[in-house]
Amino acid sequence: MVAATNKVFSRIPGTDHPSLDGKIYISTGYDTLSNSLAQSGWKSVTANNVPEQKNRTFAHTPYMYSHGERGGPMATYLVSATARPKFKLWLKTSVTKIIRTGGHATGVQVEAFLDGGYTGTVNLTPGTGRVIVSAGAFGTAKLLMRSGIGPTDQLNIVQASADKTTMINSTQWINLPVGYNLDDHLNVSL
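No experiment lies behind these values; they were computed from the predicted model shown.

Asks: Break down the environment of Ser-134 for me, with residues and values.
Replies: As for its position among the elements, Ser-134 is in the loop between strand 7 (120–123) and helix 4 (136–146). Along the primary structure Ser-134 and Ile-26 are separated by 108 residues, whereas in three dimensions their C-alpha atoms are 33 Å apart.

Spelled out as structure tokens, the structure:
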């Protein structure tokens, strides 16, 4: 995982000093809290430099900024992807589930959430097609469970929901700990 994380941060550098001049502006809230936390024995860290240190630490919020502008996947990966001749960007469309046979993805089911979006199944190239799921801490778990991948007790709940008509047969479920220890980033911004 470290290699993958390092690769991402090499393309999308994180910083806790996002301004062009490297200064942090309007830090009154941080200063007030950090002084109190430090007096209580908490340690000030640079969050992206020590991601494993989460107990009794505090940090300036890290941002994905480059050259004083917000970056992230839109400013890096999307830019290089649009240069590819076969790349297509579909807006107003969401992925509802991965279509699969056993452990092999064969397509993705999509639906329009606004006029102009796409609805239907996007088939993958047989044998070589891949799906990269990147829907956030909660959306990824939801998408995998809708696709029959996750803990059996949770898949039973999905099967009993409004998704039951499109749910993959339970004989095809893949019992994995999807969503276990789910924890989004805890930030307090003032």
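There's plenty left to go through after this.
Asks: Lay out the packing of aromatic side chains in plain terms, naming residues and giving numbers.
Replies: In the structure shown here, the tally under the stated rule is three aromatic pairs. Plain terms: the ring middles of Tyr-30 and Phe-58 are 6.2 Å apart, the flat faces sit at 50 degrees to each other, and that makes the pair tilted. Of the two residues, Tyr-30 sits in helix 2 (residues 28–39) while Phe-58 sits in strand 2 (residues 57–58), which places them 28 residues apart along the sequence. Seen in terms of ring centroids, Tyr-63 and Tyr-65 are 5.7 Å apart; in terms of plane orientation they differ by 75 degrees. Their pairing is edge-to-face. The class for Tyr-63 is partly exposed, based on a relative accessible area of 36%. Residue class for Tyr-65 comes out partly exposed when judged on its relative accessible area of 27%.

Asks: Any details on the pattern of salt bridges? Residues and values, ideally.
Replies: In the structure shown here, the tally under the stated rule is one salt bridge. Between Arg-146 and Asp-163 there is a salt bridge, with the nearest N and O atoms lying 3.3 Å from each other. Taken together, the residues Arg-146 in helix 4 and Asp-163 in the segment after helix 5 (152–159) connect sequence positions 17 residues apart. Here Arg-146 falls in the partly exposed class, since its relative accessible area comes to 22%. Relative accessible area serves as the criterion here: at 22%, Asp-163 is assigned to the partly exposed category.

Asks: Account for the environment of Thr-165, with residues named and values stated.
Replies: The topology assignment puts Thr-165 in the segment after helix 5. Expressed as a C-alpha distance, the spacing of Thr-165 and Arg-84, which sit 81 residues apart in the sequence, is 37 Å.

Asks: How would you summarise the side chain of Thr-57 if you had to cite specific residues and measurements?
Replies: When you line up the elements, Thr-57 lands in strand 2. Polar contacts involving the side chain of Thr-57 include one to the main-chain carbonyl oxygen of Gln-53, which spans 3.3 Å. Other than its neighbours up to four places away in sequence, Thr-57 contacts Trp-42, Lys-43 and Val-45.

What counts, and where the lines are drawn
Residues numbered from 1 in each chain as written. Predicted model: local features only at pLDDT ≥ 70, side-chain atom pairs only at ≥ 80, totals over all residues. Heavy atoms only, no water. Helix = DSSP H or I, 4+ residues; strand = E, 2+ residues; numbered from the N terminus. Phe/Tyr/Trp six-rings, centres within 6.5 Å; stacked < 30°, edge-to-face > 60°. Buried < 20%, exposed > 50% of the residue type's maximum accessible area, 1.4 Å probe, protein only. Salt bridge = Lys/Arg side-chain N within 4 Å of Asp/Glu carboxyl O. Polar contact = N/O pair within 3.5 Å; in protein donor to acceptor, adjacent residues only side chain to side chain. Contact = heavy atoms within 4.5 Å.

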